[in-house]
Amino acid sequence: PSIRIGMTDVNFRRTHEEIAGKVDYDNAAPFDPALHPNLGFDHGTQTATLASGNTNNGKGIASIGFNSRLDIYNLSYNDILNAAINGARVINCSWYDPDCQFVLIRQQMIDMIHDVYKPVIVAAAGNNANQCGSIEAILFPAGYNHVLDISGVGHFVDPSPSITCGWGYKDLHIMNYFEAVLRSHHHNADVDLCAPSLGLYVPKNDTDVSYLQYGFGTSFATPMVSGTAALMFSVNPALLPEDVAAILKCTSRDLYELPLNIPFLNKLGTGRLDASKAVRLAATWV
């Protein structure tokens, strides 16, 4: 619980049982169902739950971040800075800048945050070609230096000739290879690693109770990496952001041995997040 994850997002439902009592610092706007409907009304609640929702309470889901605490902020570059100033060891950015371009002053701000406050910053790679015009476009803030760029893969079932649904196959970047037009999340040379992003249980939109729905997108892969980074700090508080990045990458599960991922060679980073291996290596990392 001494490790705090700064969530920069929209629409945190403070009363939801997954995040109630988990928030140490609240600098986010009030919940507003009319705010950012394109992200989903409960987007902040959902990403915060995956990063470090209440666990072992007999309800909802078990969160990867377990006992880590949450700080919640609005969705902006300034709030990345605010989260760092206020002591968040990990900063989650499940969003992208619609400007779709590198801005030097923003890179300089992130450089300063990295050098002075030393948090791990994790951001979503993107979900479809409508975001910045191409499925291979580099989105920001994920594309900036000192930010982990996270794409997504399936996680439900192992690929098998006997399975005909084709959706959510474990470690495949393609969403459903039986479709006429194959879909995937963003992939490019800037991606650092992937995490599950298809069909994840998240709190349901438009409700303040614990009903769950399927969540899709790199918005949900990103907090899995953030929650894992918080666990890594909990077993080794001396880690630097470069250490966390190196450990996450070198413990990730290879994706390119799967034939259906070959078209994305060198565009899915080092592989898929393996939280167990990452935390165990972090504990002995010097």
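Source: prediction; values computed, not measured. (Residues numbered from 1 in each chain as written. Predicted model: local features only at pLDDT ≥ 70, side-chain atom pairs only at ≥ 80, totals over all residues. Heavy atoms only, no water.)

**Student:** Requested: an account of the overall build of the chain, with residues and values cited.
**Tutor:** Across its full length, the chain carries six helices and nine strands. Its C-alpha atoms give the chain a radius of gyration of 18 Å, near enough to 19 Å, the size a compact globule of 286 residues would have. Projected onto its principal axes, the C-alpha coordinates of the chain cover approximately 50 × 40 × 40 Å. Carbon and sulfur atoms make up 56% of the accessible area of the chain, which totals about 11,900 Å². Charge separation in the chain, taken as the distance between the mean sites of 18 positive and 27 negative side-chain charges, equals 5 Å. (Helix = DSSP H or I, 4+ residues; strand = E, 2+ residues; numbered from the N terminus. Rg over C-alpha atoms; globule rule 2.2 N^0.38 Å. Areas by Shrake-Rupley, 256 points an atom, 1.4 Å probe, with all protein chains shown as cover. Lys, Arg positive; Asp, Glu negative; His and termini not counted. Charge placed at Lys NZ, Arg CZ, Asp CG, Glu CD.)

**Student:** Give a description of helix H5 (residues 241-250) that names residues and reports values.
**Tutor:** Looking only at H5, the buried set comprises Pro241, Asp243, Val244, Ala245, Ile247 and Leu248. Contacts made by the buried residues of H5 are with helix H3 (104-116), strand E5 (120-124), strand E6 (147-153), strand E7 (193-196), helix H4 (218-235) and helix H6 (275-284). (Buried < 20%, exposed > 50% of the residue type's maximum accessible area, 1.4 Å probe, protein only. Contact = heavy atoms within 4.5 Å.)

**Student:** Pulling in residues and values, what's your account of the state of the cysteines?
**Tutor:** In total, this model carries one disulfide according to the counting rule given. The cysteine cysteine 93 is free of any disulfide, with cysteine 132 supplying the nearest cysteine sulfur at 15 Å. Free of any disulfide, cysteine 194 has its nearest neighbouring cysteine sulfur in cysteine 250, separated by 16 Å. With relative accessibility at 0%, the residue cysteine 194 sits in the buried group. (Disulfide = S-S within 2.5 Å.)

**Student:** For the sheet that holds strand E4 (residues 90-93), give the residues involved together with the corresponding values.
**Tutor:** Sheet architecture is open: seven strands sit in the order E2-E3-E1-E4-E5-E6-E7, paired in parallel fashion. The open sheet has two edge strands with one neighbour each: strand E2 (23-27) and E7. Here the strands of the sheet are splayed against their neighbours by 25 degrees on average, with no regard to which way each runs. Relative to E5, E4 runs parallel, the two being bridged by four bridges. When the bridges of E5 are listed, isoleucine 91 appears paired with isoleucine 121. Of the strands in this sheet, strand E1 (4-8), E2, strand E3 (69-73), E4 and E5 touch helix H2 (residues 77-85), which is tilted by about 160 degrees from E4. (Pairing = 2+ DSSP bridges. Axes fitted to C-alpha atoms, helices over the stretch in contact; angles between N-to-C directions.)

**Student:** So what's going on with the side chain of arginine 69? Which residues, and what values?
**Tutor:** As for its position among the elements, arginine 69 is in strand E3. A distance of 2.8 Å separates a polar atom in the side chain of arginine 69 from a polar atom in the side chain of aspartate 24. When sequence neighbours within four positions are dropped, the list of residues in contact with arginine 69 reads Pro1, Ile3, Arg4, Ile5, Gly21, Lys22, Val23, Asp24 and Ser52. (Polar contact = N/O pair within 3.5 Å; in protein donor to acceptor, adjacent residues only side chain to side chain.)

**Student:** So what about H4? Which residues, and what values?
**Tutor:** Over its 18 residues, H4 runs 26 Å from end to end, which matches the ideal 26 Å to within 8%, given 1.5 Å per residue. When you tally the buried positions in H4, you get 15 out of 18 residues, the bulk of the element. (Expected span 1.5 Å × (residues − 1).)

**Student:** Give a description of a nonpolar patch on the surface that names residues and reports values.
**Tutor:** Among the surface-exposed residues, Phe156, Val157, Tyr201, Tyr214 and Phe216 lie close enough to one another that they form a single nonpolar patch of about 480 Å² accessible area. Assignment of secondary structure puts phenylalanine 156 in the loop between E6 and E7. Given a relative accessible area of 37%, phenylalanine 156 falls into the partly exposed group. (Patch = residues over 30% accessible without salt bridge, like charges linked within 9 Å, V, L, I, M, F, W, Y side chains within 5 Å. Salt bridge = Lys/Arg side-chain N within 4 Å of Asp/Glu carboxyl O.)

Fair warning: the whole summary comes from geometry, so function is off the table for now.
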